[in-house]
Amino acid sequence: MMRALEIRAHENHESVRILSAYDDLTNKKYHSGIGFKGFRQNKLSFTIYSIITGIQAEKVLIAHVNLALIGFLLKWIKPSIHLMTVTHGIEVWGKLSWLQRQMLLKSDEILAVSHYTQSILIAKHKIPAEKVKIFRNTLDPYFESHTESVHLPKIKAALNIPENSKILLTIARLNSFEKSKGYDKVVELIPSLLKKNPNIHYIIAGKYSQAEFDRIMQLAARLGIENRIHLPGFISDNDLPKYYAVADVFVMPSTKEGFGIVFIEAMACGTPAIAGNIDGSKDTVLNKKLGSLIDPNNLRQIEDAIQYWLDTGKSSVQQASHLVWETFGFNAFTQNVKNL
């Protein structure tokens, strides 16, 4: 967002101020630092400075509903300010405080990253529908897709996976306190999938807690599939596209996804994605051309979708992967920011 705002400001000879409560310095890879000020978790200084700076602006973008006090006070002090608030997902799905709801009601525009979040704001929190606009997340400007299989031998060798194997992939943070990603359901399906796919392996990549690692491997041991489940841990940004390209199917039957950038990353690399149909994930699979939407609580649907893409192959998704860049690429995102 900061990068897109800076591009827009440069083109229109405008001034943009970026205030961050928790950061100290900006990431120069994305933003020059001009107009940026970080407060290193000094919330009082951040709040006071934001109000003083905000009342001098014509437009203010609040990046999270937890900054409701600032948005509310700015609109109260200077009603002419055009206030925009970004809503990401779970932070607005539950009960809102009085202040949070008032700030949303006073916002001129609310930017929801998915239709699911938009529907909750309208139906549950009674926000006027005309205020809530879809504002999609984006692929990282530096994300480089890999659709070729050149990385296949190296990654398979590193994980001790046979060369001719079929690969299922999930990218997620593995934590025993957050069990909404659904990768344990996929683990449970491996014995059944092995009947038709005797060479199948499942990679669950991402930083994990020891407790969750133990839980998943104990589940695999109970099912007798320890050698089919691979948890390589944290994957660097440079290596992520290689893992997407290696996979035959990306699957994450999540139930609490605000959007799901991992789905569009996988599809941008030509890998079909299987996403849940009860949260923000369903915005990512474009007209089911690049993957499948399933009930994440229905094991049969998950298995059928996996088998469908294993049988179908990746060629159609590779041919249509340009749709991901046209819809979710950074150029499209920048244009959406300009349109605001």
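Residues numbered from 1 in each chain as written. Predicted model: local features only at pLDDT ≥ 70, side-chain atom pairs only at ≥ 80, totals over all residues. Heavy atoms only, no water.

### A short note on the overall build of the protein
No. 1: The number of helices and strands found in the protein is 14 helices and 12 strands.
No. 2: Rg of the C-alpha trace for the protein: 22 Å, near the compact-globule value of 20 Å for 340 residues, within the 12% margin.
No. 3: Overall, the C-alpha framework of the protein stretches about 65 × 40 × 35 Å when taken along its three principal axes.
No. 4: Looking at the protein as a whole, 50% of its 340 residues are labelled buried.
No. 5: Of the contacts made within the protein by residues no fewer than 6 positions apart, 64% connect residues no fewer than 24 positions apart.
No. 6: Entry remark: accessible area of the protein is about 16,500 Å², with carbon and sulfur atoms responsible for 52%. (Helix = DSSP H or I, 4+ residues; strand = E, 2+ residues; numbered from the N terminus. Rg over C-alpha atoms; globule rule 2.2 N^0.38 Å. Buried < 20%, exposed > 50% of the residue type's maximum accessible area, 1.4 Å probe, protein only. Contact = heavy atoms within 4.5 Å. Areas by Shrake-Rupley, 256 points an atom, 1.4 Å probe, with all protein chains shown as cover.)

### Side note on helix α8 (residues 210–223)
No. 1: With 14 residues, α8 extends 20 Å from end C-alpha to end C-alpha; this agrees with the ideal 20 Å at 1.5 Å per step.
No. 2: A positive phi of about 75° marks Gly224, the residue just after α8. (Expected span 1.5 Å × (residues − 1).)

### Things to note about the environment of Leu174
No. 1: Positionally, Leu174 belongs in the loop between β7 (166–171) and α7 (183–194).
No. 2: Here Leu174 falls in the buried class, since its relative accessible area comes to 1%.
No. 3: Residues Leu174 and Gln210, 36 residues apart in the sequence, show an inter-C-alpha distance of 9.2 Å.
No. 4: Once residues lying within four places of it in the same chain are set aside, the contact partners of Leu174 are Tyr183, Ile204, Ala205, Gly206, Lys207, Tyr208, Ser209, Glu212 and Leu231.

### Quick word on the sheet that holds strand β3 (residues 59–62)
No. 1: Read across the open sheet, the 4 strands follow the order β3-β4-β5-β6; overall the sheet is parallel. In the strand order of this sheet, the two ends are held by β3 and β6 (132–134), each with one partner. On average, each strand axis in the sheet is inclined to that of its neighbour by 25°, with strand direction left out of account.
No. 2: Helix α5 (residues 115–123) rests against β4 (82–87), β5 (109–112) and β6 of the sheet, and its axis sits at about 175° to β6. (Pairing = 2+ DSSP bridges. Axes fitted to C-alpha atoms, helices over the stretch in contact; angles between N-to-C directions.)

### So, the nonpolar core
No. 1: Ranked by internal contacts, the top residues of the largest apolar core, which has 65 residues, are Leu168, Tyr202, Ile204, Ile229, Tyr244, Phe250 and Ile306.
No. 2: Excluding residues within four positions of it along the chain, Ile306 makes contact with Leu168, Val186, Leu193, Val249, Val251 and Ile274.
No. 3: In this structure, Val60, Leu83, Ile120 and Ile127 belong to the second largest nonpolar core, which totals 24 residues. (Core = buried A, V, L, I, M, F, W, Y, C linked by side-chain atoms within 4.5 Å.)

### Topic: the pattern of salt bridges
No. 1: A full pass over the atoms with the stated rule returns 11 salt bridges.
No. 2: For Glu257, the salt bridge identified is with Lys181, shortest N-O distance 3.1 Å. With Glu257 in the loop between β10 (249–252) and α10 (261–268) and Lys181 in the loop between β7 and α7, this residue pair connects regions lying 76 residues apart in the sequence. The same class applies to Glu257 and to Lys181, which are both buried.
No. 3: Among the ionic contacts, a cluster of salt bridges with common partners joins Asp184, Glu212 and Arg215. (Salt bridge = Lys/Arg side-chain N within 4 Å of Asp/Glu carboxyl O.)

Interpretation in functional terms is not warranted from these geometric data alone.
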